[in-house]
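Survey of secondary and tertiary structure
What follows is each chain in one-letter form.
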Amino acid sequence: MTRILPHDHEHRFGTRSVHAGQQPDPLAGAVMTPIYQTSTYVQEGLGRHKGYEYARTQNPTREALERNVAALEGGTYGFAFGSGLAALDALLKLLRSGDHVVCGENVYGGSHRLMERVYAQLGLTFTFVDMRDVANVERAIIPATRVVYCETPTNPMMNLVDLAAVTDLTQARGLLAVVDNTFATPFFQRPLELGADLVLHSTTKYLNGHSDMVGGLLVTRRDDLAERIGFIQNAAGGVPGPMDCWLALRGIKTLPLRMRQHDANGRRVADWLARRKDVSKLYYPGLPSHPQHELACRQMSGFGGMISLDLGDAQRARRFVESTRIFALAESLGGVESLIGHPASMTHASVPPAMRQAMGLTDSLVRLSCGIEDADDLIEDLDRAFAASMQPTAVAV
Ligand SMILES: *Cc1c(COP(=O)(O)O)cnc(C)c1O
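Notes on the structure follow.

Description of the overall build of the protein chain
Regarding its fold elements, the protein chain presents 14 helices and 13 strands. For 397 residues, the compact-globule formula gives about 21 Å, and the C-alpha radius of gyration of the protein chain, at 21 Å, lands near that figure. If one aligns the C-alpha atoms of the protein chain with their principal axes, the spans along those axes are about 75 × 50 × 40 Å. For the protein chain, with 397 residues in total, the buried portion stands at 57%. Total accessible area computed for the protein chain in this model is approximately 17,000 Å², and 53% of it derives from carbon and sulfur atoms.

Now the structure itself:
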């Protein structure tokens, strides 16, 4: 169980990104946290050691990452996992057979799959609701409910959940409010400050930011939850290796710089898309035309680089995603490089088609993760892809 250091909440966000949770290494004074690539630690005598016994249980590189993200989220305890889904897996292990979870209907496809196809078999029950209206959350709560699980903004529909309103509900009923903060990151949104009990991250995305590792994190302020999650982290063992923790730590040092650029590029690209007649629907919370723009401004301090657009025609969407040169056709998001994806066949293929249609996740929907390149190049790239998507696929003669 990793608790922040006494000074980790000092200083402003950018300074904490670089320093929180890290100290010069006691052996040589290394300024950067070393990669403790070891499975075990020597004991001076029986029961006499430096607090480190076995690396599933404790690893100094992992602890630095856990403290760093805990400090950025305004939390007290951090727990790193081998992936975002391993973090969700540990979270669901807080529950017992018979317990009920109210979950946003448009959560990450893999989160939905873990709940419905793994934990439902083990006796947990789930109700998926449209959380844009908090009344839907309230209506779904039953006596067995233990957790309200939110993602905001959602992937890929960019729907928002009013976190303060949700935590009013959960606090009054003694339920756990859990927020997947992967999209906004603590740079733009801090759910614990709005009353959430737990924050979840796929470190794979914006936190690491360089598309070169997979990881997850849980953060809380609550001693009781930390005790239990620490136990589960060690007992079930879904921990990341030290190299991946080190990469994430390095990535987070530039989180504020990257997020500012993702946000600037996201706004430029969204503004440009909003003026095109061949985009039938556009989803970006930073646009005044987004139905929850006012909530976005209240709850978030920026909007980031994720944009979804509907081209109205599945064939055209296919040609579009295959025609960009800078935006790489790939799953995932949040890296320095721009990515383009087709949620219905890629990231959200595991969501039942009827549920996809109901929430607007059509076969003509395209998702952009705007990187930190020059916005003019991104716009030129998309412009070219729009032109190419108008032509039927060329046939070699
Ligand atoms: C990617 C993602 C996850 C899952 O994380 P992994 O690291 O891929 O296991 C969870 N939530 C959101 C919002 C994501 O984008």
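Now, onward.
Some thoughts on the site of the ligand
Around the ligand, 14 residues are found, and the nearest of them are Gly84, Asp180, Ser202, Thr204 and Lys205. Here an oxygen atom of the ligand sits 2.9 Å away from a polar atom, N or O, in the main chain of Leu85. One nitrogen or oxygen atom from the side chain of Ser202 is found 2.8 Å from an oxygen atom belonging to the ligand. In the complex, 93% of the free accessible area of the ligand, which totals 380 Å², lies under the protein chains. Taken together, the residues of the shell around the ligand sort by class into 4 nonpolar, 7 polar and 3 charged.

Examining the sheet that holds strand S12 (residues 339-341)
Spatially, the 5 strands line up as an open sheet ordered S9-S10-S13-S12-S11, and their pairing is mixed. Edge positions in the sheet fall to strand S9 (281-283) and strand S11 (328-329), since each of these pairs with one other strand and no more.

Thoughts on the pattern of salt bridges
This model, assessed by the stated rule, comprises 18 salt bridges. The salt bridge partner of Glu66 is Arg62, with a shortest N-O separation of 3.4 Å. Taken as a pair, Glu66 and Arg62 lie in helix H2 (residues 60-72) at a separation of 4 residues, close to a single helical turn. Across the pair Asp381 and Arg384 runs a salt bridge whose closest N-O atoms are separated by 2.7 Å. Of the two residues, Asp381 and Arg384 both sit in helix H14 (residues 375-390), 3 residues apart, roughly one turn of that helix. In this structure Asp381 comes out as buried when scored by relative accessible area, which is 0%. Several salt bridges converge on common partners, so that one network encompasses Arg276, Asp278, Arg316 and Asp383.

As for unusual backbone geometry
Between Thr152 and Pro153 the backbone carries a cis peptide bond, its omega angle lying at -5°. If you trace the backbone, Pro153 turns up in the loop between strand S5 (145-151) and helix H6 (163-173). Put simply, Asn155 and Pro156 share a cis peptide bond, and its omega is 5°. Here Pro156 lies in the loop between S5 and H6. Backbone geometry at Met158 places phi at a positive 60°, although glycine is not the residue there. By secondary structure assignment, the location of Met158 is in the loop between S5 and H6. Positive phi is not limited to glycine here, since Thr185 has a value of about 65°.

Thoughts on the nonpolar core
What tends to happen in soluble globular proteins is that the nonpolar side chains get buried as a cluster. Membership of the largest hydrophobic core comes to 81 residues, with the highest contact counts inside it found for Leu65, Val269, Leu273, Leu309, Phe320, Val366 and Leu368. Two domains share this core, each providing at least three of its residues, namely domain 1 (2-252) and domain 2 (255-389). Phe320 has contacts with Leu309, Leu311, Ile340, Val366, Leu382, Ala385, Phe386 and Ser389, leaving out every residue within four places of it along the chain. Core analysis: the next-biggest nonpolar cluster, separate from the first, contains 30 residues, Phe79, Leu92, Ile229 and Ile232 among them.

Comments concerning the pairing of strand S8 (residues 216-220)
In regular strands, side chains alternate between the two faces of the sheet. Within S8, 5 of the 5 residues are buried, leaving the element largely enclosed by the surrounding structure. Where burial is concerned, the two faces of S8 agree: the one with Gly216, Leu218 and Thr220 and the one with Leu217 and Val219 are both buried. Pairing geometry for strand S2 (residues 77-81) and S8, over 5 bridges, is antiparallel. Bridged to Tyr77 within S8 is Thr220. Sheet topology places strand S7 (residues 198-202) next to S8; 5 bridges connect them, and they run antiparallel.

Thoughts on helix H4 (residues 109-119)
Within H4 the residues assigned to the buried category are Gly109, Gly110, Ser111, His112, Leu114, Met115 and Tyr119. Lining the buried residues of H4 we find helix H3 (84-92), strand S3 (100-104), strand S4 (125-129), S5 and helix H13 (353-358).

With respect to the sheet that holds strand S6 (residues 176-180)
Strand order in this open sheet of 8 strands is S1-S2-S8-S7-S6-S5-S3-S4, and the pairing throughout is mixed. Strands at the two margins of the open sheet, each flanked by one partner only, are strand S1 (2-3) and S4. The pairing of S6 with S7 spans 3 bridges and is classified as parallel. Bridge pairing links Val178 to Leu198 in S7.

A closer look at the pairing of strand S10 (residues 306-310)
Burial runs high along S10: 5 of the 5 residues are buried. Side chains Met306, Ser308 and Asp310 project from S10 onto one buried face, and the interleaved Ile307 and Leu309 project onto a second face that is buried too. Direction of pairing for S9 relative to S10: antiparallel, over a ladder of 3 bridges. Bridged to Tyr283 within S10 is Ser308. Pairing of S10 with strand S13 (residues 365-369) involves 5 bridges; the strand directions are antiparallel. Bridge pairing in S13 links Leu309 to Val366.

Calculation rules
Throughout this document, residue positions are counted from 1 along each chain, in the order its sequence is written. Owing to the predicted nature of the model, reporting of local features is limited to residues with pLDDT of at least 70; listing and counting of side-chain atom pairs is limited to 80 or more, with chain, interface and lining totals taken over all residues. For side-chain calculations, the full set of non-hydrogen atoms in the structure is used, while hydrogens and water are omitted. Under the scheme used here, helices are H or I runs from DSSP no shorter than 4 residues and strands are E runs no shorter than 2 residues, and both carry numbers assigned from the N terminus. Here the radius of gyration uses the C-alpha set of atoms, whereas the globule reference equals 2.2 Å times the residue count to the power 0.38. Burial here depends on accessible area, computed with a 1.4 Å probe over protein chains only, as a share of the maximum for the residue type. Under 20% is buried, over 50% is exposed, and the range in between is partly exposed. Surface accessibility in these figures is a Shrake-Rupley result with a 1.4 Å probe; residues are shielded only by whichever protein chains are displayed. Put simply, a residue is near a molecule or strand once any heavy atom of it comes within 4 Å of that molecule or strand. For this analysis, a polar contact is any N or O atom pair within 3.5 Å, provided that within protein one partner can donate a hydrogen and the other can accept it, and provided that sequence-adjacent residues contribute only side-chain to side-chain pairs. When residues are grouped by polarity, Ala, Val, Leu, Ile, Met, Phe, Trp, Tyr, Cys and Pro land in nonpolar, Asp, Glu, Lys and Arg in charged, and all others, Gly among them, in polar. Pairing between two strands requires that DSSP report at least two bridges joining them. Take a side-chain nitrogen of Lys or Arg and a carboxyl oxygen of Asp or Glu: if they are within 4 Å of each other, that pair is a salt bridge. Here, nonpolar core refers to any group of buried Ala, Val, Leu, Ile, Met, Phe, Trp, Tyr and Cys residues whose side-chain atoms link them within 4.5 Å. Boundaries between domains were set according to an automatic or database domain assignment. The contact criterion used throughout is that any non-hydrogen atoms of two residues lie within 4.5 Å.

That's the geometry; what it means functionally is another story.
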